[in-house]
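# Chain and residue survey
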Amino acid sequence: ETGVTQSPTHLIKTRGQQVTLRCSSQSGHNTVSWYQQALGQGPQFIFQYYREEENGRGNFPPRFSGLQFPNYSSELNVNALELDDSALYLCASSPRGALGYEQYFGPGTRLTVT
Amino acid sequence: GQNIDQPTEMTATEGAIVQINCTYQTSGFNGLFWYQQHAGEAPTFLSYNVLDGLEEKGRFSSFLSRSKGYSYLLLKELQMKDSASYLCAVGLSGGYNKLIFGAGTRLAVHP
């Protein structure tokens, strides 16, 4: 059974640019959540996707957007990057209706904005 | 609003017992979760409490009091590999599965 994978592992972007992060969910999991984790902080919920539609969103501006594909993989897009967007971006997959503990996290993408 | 508090850092000795406390005030509650996160790695699930009381799983135990908005994670027979951040998180219901995390407690285990 393949776990949650994310790409790329590390990324450096310049302020104002756009970035796309990718996540492949664990086999059999149809729900994907994205979290932002700043250094020394806990993960902050960005949004969740189920059946290719956004299914809940945290306190993030519209320049954070996402997609889910028919194979349940997902993308996180961030436009007009700001320095404060530098963080570890975590993707977590889960079966539909699962409780939180069934969220399996990927290794994350470390984004640095200069 | 949502608020989850836990100590920033703790230190302990190998072989000892340590208790990491977490208090929460959230709108909605669908369980209290503890995750372990080693530096540079993804969080991994440790425990889940939805009813009051103690849940034991090997060297790790977790306690919940919903009336007090309080939980703790108890680690026994500490090992060096237990040095990590421990994240307390509250699950919120409402049609989707969302976790609200605390800032995490960085535990350093010394010989």
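Everything numeric here is computed off the predicted structure, so don't read it as measured data. (Residues numbered from 1 in each chain as written. Chains lettered and ligands numbered in written order. Predicted model: local features only at pLDDT ≥ 70, side-chain atom pairs only at ≥ 80, totals over all residues. Heavy atoms only, no water.)

A few words now on the interface of chain A and chain B. Between chain A and chain B, the contact holds 26 residues from the first and 18 residues from the second. Taken together, both faces of the contact between chain A and chain B bury some 1700 Å²; the carbon and sulfur share is 56%. The interface formed by chain A and chain B includes zero salt bridges. Our count for the contact surface shared by chain A and chain B stands at two residue pairs in polar contact (both at pLDDT 80 or more). Of all the secondary-structure elements, those providing two or more residues to the side of chain A that touches chain B are strand S4 (31-37), strand S5 (44-50), strand S6 (53-57) and strand S9 (87-94) of chain A. (Contact = heavy atoms within 4.5 Å. Buried area = accessible area lost by both parts, 1.4 Å probe. Salt bridge = Lys/Arg side-chain N within 4 Å of Asp/Glu carboxyl O. Polar contact = N/O pair within 3.5 Å; in protein donor to acceptor, adjacent residues only side chain to side chain. Helix = DSSP H or I, 4+ residues; strand = E, 2+ residues; numbered from the N terminus.)

So, about the pattern of salt bridges. Residues and elements named next belong to chain A. Applying the stated rule across the entire model yields eight salt bridges over all chains. The partner of arginine 57 in a salt bridge is glutamate 54, and the shortest N-O contact between them spans 3.1 Å. Residue classification places glutamate 54 among the partly exposed residues on the basis of a relative accessible area of 37%. In this structure, arginine 63 and aspartate 85 form a salt bridge, with 2.8 Å as the shortest nitrogen-oxygen distance. Of this pair, arginine 63 sits in the loop between S6 and strand S7 (64-68) while aspartate 85 is found in the loop between strand S8 (74-78) and S9, placing the two residues 22 residues apart along the sequence. No difference in accessibility class separates arginine 63 from aspartate 85, as the two residues are buried. Salt bridges sharing partners connect three or more residues here, namely Arg63, Glu82 and Asp85. (Buried < 20%, exposed > 50% of the residue type's maximum accessible area, 1.4 Å probe, protein only.)

Residues and elements named next belong to chain A. With antiparallel pairing, four strands are arranged side by side in an open sheet as S1-S3-S8-S7. Strand pairing shows two members of the sheet lacking a second neighbour, strand S1 (5-7) and S7, which therefore form its edges. Mean inter-strand twist for the sheet, computed between neighbouring axes without regard to direction, equals 20°. Two strands pair when backbone bridges link them, and S7 and S8 are joined in this way by five bridges, in the antiparallel orientation. (Pairing = 2+ DSSP bridges. Axes fitted to C-alpha atoms, helices over the stretch in contact; angles between N-to-C directions.)

Enumeration according to the criterion identifies 14 aromatic pairs over all chains in this entry. An angle of 65° between the planes, with centres 5.1 Å apart, marks the rings of phenylalanine 60 of chain A and phenylalanine 64 of chain A as edge-to-face. Grouping residues by exposure puts phenylalanine 60 of chain A and phenylalanine 64 of chain A together as buried. Put simply, the rings of Tyr35, Phe45 and Phe105 of chain A together with Tyr35, Phe45 and Phe101 of chain B pair up and form one aromatic cluster. (Phe/Tyr/Trp six-rings, centres within 6.5 Å; stacked < 30°, edge-to-face > 60°.)

On inspection of all chains with the given rule, the structure shows two disulfides over all chains. Covalent S-S linkage joins cysteine 23 of chain A and cysteine 91 of chain A, the inter-sulfur distance amounting to 1.8 Å. The sign of the S-S torsion, about -50°, decides the handedness of the disulfide formed by cysteine 23 of chain A and cysteine 91 of chain A: left-handed. With a gap of 68 residues between them, cysteine 23 of chain A in strand S3 (residues 19-24) and cysteine 91 of chain A in strand S9 connect regions that are remote in the sequence. Disulfide partner of cysteine 22 of chain B: cysteine 88 of chain B, at an S-S distance of 2.0 Å. Taking the sign of the S-S torsion, about -65° here, the bridge from cysteine 22 of chain B to cysteine 88 of chain B comes out left-handed. One end of the pair, cysteine 22 of chain B, is in strand S3 (residues 18-25); the other, cysteine 88 of chain B, is in strand S9 (residues 84-92), and 66 residues separate them in sequence. Cysteine 22 of chain B gets classed as buried once you look at its relative accessible area, which sits at 0%. (Disulfide = S-S within 2.5 Å.)

With that settled, consider the environment of histidine 10 of chain A. On the secondary structure map, histidine 10 of chain A appears in strand S2 (residues 10-13). The sequence separation of histidine 10 of chain A and threonine 109 of chain A amounts to 99 residues, and the corresponding C-alpha distance is 5.5 Å.

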